[in-house]
Amino acid sequence: MILFVAGTSDARELAIVVNEAGHNLLTTVVTDNAAIEMRKADLDVYVGRLTSEGFAMMIKEKSVQAVVDASHPFAEEASKNALLGAKEAGIPYIRYERESQTHEDKGITMVDTYEEAADKAFMKKGVIMLTTGSKTLQTFTNKLLNQPNIRVVARMLPRKDNMEKCDQLGLPQKDIIAIQGPFTKEFNRALYKQYDVTTMITKESGKAGSVDEKLEAAIELGIEAIMIKRPKINYGNVYSNFADVLTHINDVIKN
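Reading the values: the criteria
Residues numbered from 1 in each chain as written. Predicted model: local features only at pLDDT ≥ 70, side-chain atom pairs only at ≥ 80, totals over all residues. Heavy atoms only, no water. Phe/Tyr/Trp six-rings, centres within 6.5 Å; stacked < 30°, edge-to-face > 60°. Buried < 20%, exposed > 50% of the residue type's maximum accessible area, 1.4 Å probe, protein only. Lys NZ or Arg CZ within 6 Å of the ring centre and 35° of its normal. Helix = DSSP H or I, 4+ residues; strand = E, 2+ residues; numbered from the N terminus. Polar contact = N/O pair within 3.5 Å; in protein donor to acceptor, adjacent residues only side chain to side chain. Contact = heavy atoms within 4.5 Å. Pairing = 2+ DSSP bridges. Axes fitted to C-alpha atoms, helices over the stretch in contact; angles between N-to-C directions. Parallel < 35°, antiparallel > 145°, perpendicular 65-115°, else oblique. Left-handed = near helix turned anticlockwise from the far one by under 90°. Nonpolar A, V, L, I, M, F, W, Y, C, P; charged D, E, K, R; others polar. Expected span 1.5 Å × (residues − 1). Arc of directions from axis to C-beta. Salt bridge = Lys/Arg side-chain N within 4 Å of Asp/Glu carboxyl O.

## Notes on the packing of aromatic side chains
Using the criterion set out here, one finds 4 aromatic pairs in the structure. Measuring from ring centre to ring centre gives 4.9 Å for phenylalanine 183 and phenylalanine 187, while their planes differ by 10°; the resulting arrangement is stacked. Look at phenylalanine 183 and you get buried, because its relative accessible area is 14%. On the basis of relative accessible area, phenylalanine 187 is assigned to the partly exposed category, the value being 31%. By way of ring pairs, the aromatic residues Phe74, Tyr114 and Phe140 are connected into one cluster. Directly above the aromatic system of phenylalanine 122 lies the positively charged group of lysine 143, at a separation of 4.9 Å from the ring centroid.

## Considering the side chain of aspartate 69
In this fold, aspartate 69 is placed in strand β4 (residues 66–69). A distance of 3.1 Å separates the side chain of aspartate 69 from the side chain of arginine 95, its partner in a polar contact. Not counting residues up to four positions away in its chain, the partners in contact with aspartate 69 are Val5, Ser79, Tyr93, Ile94, Arg95 and Tyr96.

## Re the sheet that holds strand β5 (residues 93–96)
What the 6 strands build is an open sheet, ordered β3-β2-β1-β4-β5-β12; its pairing is parallel. Each edge of the open sheet carries a strand with a single partner, namely β3 (44–47) and β12 (238–239). When strand β1 (residues 2–5) meets β4, the two strands line up parallel, connected through 4 bridges. Bridge pairing in β4 links leucine 3 to valine 67. Helix-sheet contacts for helix α1 (residues 9–20) involve β1, β2 (25–29) and β5, and the interaxial angle to β1 is about 160°. In the packing of helix α4 (residues 76–89) onto the sheet, contacts are made with β1, β4 and β5, and the angle to β5 comes to roughly 155°.

## Observations regarding the packing of helix α3 (residues 52–61) against α4
As a packed pair, α3 and α4 sit with axes 7 Å apart at the nearest point and diverge in direction by 45°. Put simply, α3 runs oblique to α4. In this structure, α3 meets α4 at a crossing whose hand is right-handed. In contact with Ser52, Phe55, Ala56 and Ile59 of α3, α4 contributes Ala78, Asn81, Ala82, Leu84, Gly85, Ala86, Glu88 and Ala89. Grouping the constituent residues of the contact of α3 with α4 by class yields 8 nonpolar, 3 polar and 1 charged.

## With respect to α1
The end-to-end C-alpha distance of α1 is 17 Å, a good match for the 16 Å that 12 residues give at a rise of 1.5 Å each. Looking only at α1, the buried set comprises Asp10, Ala11, Leu14, Ala15 and Val18. Mapping the buried residues of α1 onto a view down its axis gives an arc of 145°, with all of them on the same face. On its buried face, α1 sits against β1, β2, β5 and α10 (242–252).

## Some points on the pattern of salt bridges
Scanning all chains against the criterion turns up 14 salt bridges. The partner of glutamate 97 in a salt bridge is arginine 230, and the shortest N-O contact between them spans 3.1 Å. Here glutamate 97, found in the loop between β5 and β6 (109–111), pairs with arginine 230, found in the loop between β11 (224–228) and β12; they are 133 residues apart in sequence, far enough to count as distant. On the basis of relative accessibility, which here comes to 10%, the residue arginine 230 falls in the buried class. Between aspartate 175 and lysine 174 there is a salt bridge, with its nearest N and O atoms 3.6 Å apart.

Below is the structure:
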């Protein structure tokens, strides 16, 4: 049995590959929508956040032989908990992460933290579009909302909890774009023009996260872009392609 930490489209694809290779796995996701996609692929799924203790307990209960962590590059807490849970249980931890890309030569402002991104945006003023999700929204609203010469427009998944969070933080409805990607460059261009965006903030999510389409549209329109770098975690065994992950799994699990 493999405990498979998922939650993204490429994680689902990898889970299918591992399953078709003959390995039994239990996937874990955070949202009900992600669980539906897993079940469509006939994959067993656990829905909910797990602490390191939760991972260790599930590993023991399910007789898990290895943990494959294919969570989002910015799901830092999930990765750390999975890594620690596997270590506590004494089983292999295998990390799949989307290949990173280089963006500095495109004139993109690279920052290490969400706070730094908010500070940079504050200095730039204008219409600031956030494409960084809802989890860190408060970092930006605390710094930017209701400030002179600044309008904050937030693009995020159309989930009820996200809308409730926007309401709690005081983000006006007219400044919320609730929609699910991926988006083409042309769609991003249209959205930037509709809102007269002057600065766009994104994360280094990789090609699978449609970052290129965001950046290309911004560059063509002369919009400044701020990109948050991936968190630095010492994963140990980390791969950026499915074949290497499967090879490692086959080395540690003999069916």
